[in-house]
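Overview (structure and organization)
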Amino acid sequence: MDLTDLFFAYGAEMDRETVRARCGGAEVVSAACLSGYQIAFFGHDPIWDSAMETLVADDSAAVWGVLYRLNDVAWDRLDACKGATIEGVGTYFHYPVEVITSGGGSCLVRTYKKNTHGAPSCPSNEYLALLRKGAAAHGLPLAYQDFLRSISCEPARYAVPRTDGKKRGSLVVLSG
């Protein structure tokens, strides 16, 4: 598989509606696992009144997610949504990782990692619900889904997602 077309989603993009809104066409390839990292939350996104996810090194941990195939247009749209720039000075940057697919094969893929962390912070209940929804929809291991349910979170202080025109394509409203 070609590094340029595979995306490992471990955050909100695990949710099908969210990835569709953010980048259009995204073909699901497989569930996948990234060893040696954990998911952590930093910063603040006003759209979700939430800290945002990133990967941090941890030899004893693993992050599960969804492997998608994206075309160039989808990558460009997702880069714009994530604030990733060619120069690597945006909010996120492309990060190559090797994942193990649900079929047991390994492949080199791209994911996103935050440029700066600051102090750890809690995601909002509403934002974390996107991650949980995506993990369940793609049948990620129950132990990992339990882990996502155990992450401390806080209710958003205002109605989310904000729909005031910021970060076009990044908004998805959960039903139910």
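Going by the structure above, here's the rest.
Below is a short write-up of the structure.

What counts and how
- Residue positions within a chain follow its written sequence, with the count starting from 1.
- Side-chain atom pairs in this predicted model are given and counted only at pLDDT of 80 or more, local residue features only at pLDDT of at least 70, and totals for whole chains, interfaces and linings cover all residues.
- To obtain the side-chain values, all non-hydrogen atoms of the structure were included, while hydrogens and water were left out.
- Starting at the N terminus, helices and strands are each numbered in turn, a helix being any DSSP run of H or I of at least four residues and a strand any DSSP run of E of at least two.
- Here the term buried applies to any residue with accessible area under 20% of the maximum for its type, exposed to any over 50%, and partly exposed to those in between, with areas from a 1.4 Å probe on protein chains only.
- With axes taken as lines fitted to C-alpha atoms, and helix axes fitted only over the stretch in contact, angles between N-to-C directions fall between 0 and 180 degrees.
- Put simply, angles under 35 degrees are roughly parallel, angles over 145 are roughly antiparallel, angles from 65 to 115 are roughly perpendicular, and the rest are oblique.
- It only takes one pair of heavy atoms within 4.5 Å for two residues to be counted as in contact.
- Any residue that is not Ala, Val, Leu, Ile, Met, Phe, Trp, Tyr, Cys, Pro, Asp, Glu, Lys or Arg is counted as polar, Gly included; the first ten are nonpolar and the last four charged.

Topic: unusual backbone geometry
- Residue Pro161 is reached from Val160 by a cis peptide bond, and omega for that bond is -5°.
- Following the sequence through the fold, Pro161 ends up in the segment after α4 (142-150).
- Even without being glycine, Asp49 reaches a positive phi, approximately 45°.
- Relative to the assigned elements, Asp49 resides in the loop between β2 (27-45) and β3 (50-69).
- With a relative accessible area of 7%, Asp49 lands in the buried category.

A closer look at the packing of helix α3 (residues 125-137) against α4
- Closest axis-to-axis distance for the α3/α4 pair is 10 Å, and the angle between their directions is 170°. By the criterion of interaxial angle, the relationship of α3 to α4 is roughly antiparallel. On the side of α3, the interface is formed by Leu128, Leu131, Arg132, Ala135 and Ala136, while α4 contributes Gln145, Leu148 and Arg149.
- The class makeup of the residues in the contact of α3 with α4 is five nonpolar, one polar and two charged.

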